[in-house]
Amino acid sequence: MSVARVTEIIASSKKSFEDAIESGVARASKTLKNVEGAWVQDMKCTVKDGKISEYRVILKVTFVLED
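To start, this report covers the structure provided alongside it.

The rules behind these values
Residues numbered from 1 in each chain as written. Predicted model: local features only at pLDDT ≥ 70, side-chain atom pairs only at ≥ 80, totals over all residues. Heavy atoms only, no water. Helix = DSSP H or I, 4+ residues; strand = E, 2+ residues; numbered from the N terminus. Rg over C-alpha atoms; globule rule 2.2 N^0.38 Å. Buried < 20%, exposed > 50% of the residue type's maximum accessible area, 1.4 Å probe, protein only. Contact = heavy atoms within 4.5 Å. Areas by Shrake-Rupley, 256 points an atom, 1.4 Å probe, with all protein chains shown as cover. Polar contact = N/O pair within 3.5 Å; in protein donor to acceptor, adjacent residues only side chain to side chain. Core = buried A, V, L, I, M, F, W, Y, C linked by side-chain atoms within 4.5 Å.

### Quick notes on the overall build of the chain
Inference 1: Counting secondary structure elements, the chain contains one helix and three strands.
Inference 2: Across the chain, helices and strands are ordered from the amino to the carboxyl terminus as β-α-β-β.
Inference 3: Relative to its length of 67 residues, the chain is extended, with a C-alpha radius of gyration of 14 Å against a globular reference of 11 Å.
Inference 4: Counting all 67 residues of the chain, 21% fall into the buried class.
Inference 5: Long-range pairs, those at least 24 residues apart, make up 65% of the contacts in the chain between residues at least 6 apart in sequence.
Inference 6: As displayed, the chain has an accessible area near 5,000 Å², and 50% of this comes from carbon and sulfur atoms.

Right, here's the structure in full:
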């Protein structure tokens, strides 16, 4: 039997939502062992001078705890 934990992270990118998601998962995987999945809880962007300046995502990352 395995036990998993979910943690929330926020990631950002100047390029796209997809890049923010990939960056967030990659960074979480450096710190957390056994990352098994992630889902996007929220997406938002910041606007400067009428243009998107940053894409942000709130991710729920699931990882399995070791015995």
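And the narrative resumes.
### Some points on the side chain of Ser13
Inference 1: Structurally, Ser13 is set in strand S1 (residues 4-13).
Inference 2: Among the polar contacts made by the side chain of Ser13, one reaches the main-chain amide nitrogen of Lys15 at a distance of 2.9 Å.
Inference 3: For Ser13, the side chain forms a polar contact with the main-chain nitrogen of Ser16, separated by 3.5 Å.

### Let's talk about the nonpolar core
Inference 1: Core analysis: the biggest nonpolar cluster contains six residues, these being Ala11, Ala20, Ala28, Val57, Leu59 and Val61.
Inference 2: Breaking this core down by element, the ones donating at least two residues are helix H1 (17-31) and strand S3 (51-64).
Inference 3: A total of three residues in this core trace back to one element, the largest contributor, which is S3.
Inference 4: Once residues within four sequence positions are removed from consideration, Ala20 is found in contact with Ala11, Ser12, Ser13, Tyr55 and Val57.

### Some details on unusual backbone geometry
Excluding glycine, residues mostly have negative phi values, and the peptide bonds linking residues are mostly trans.
Inference 1: Even without glycine at this site, Asn34 takes up a positive phi of about 60°.
Inference 2: Note on Asn34: relative accessible area 36%, which makes it partly exposed.
Inference 3: Here Asp49, not a glycine, exhibits a phi torsion of approximately 55°, which is positive.
Inference 4: Within the element layout of this structure, Asp49 appears in the loop between strand S2 (35-48) and S3.
Inference 5: For Asp49, a relative accessible area of 77% translates into the label exposed.

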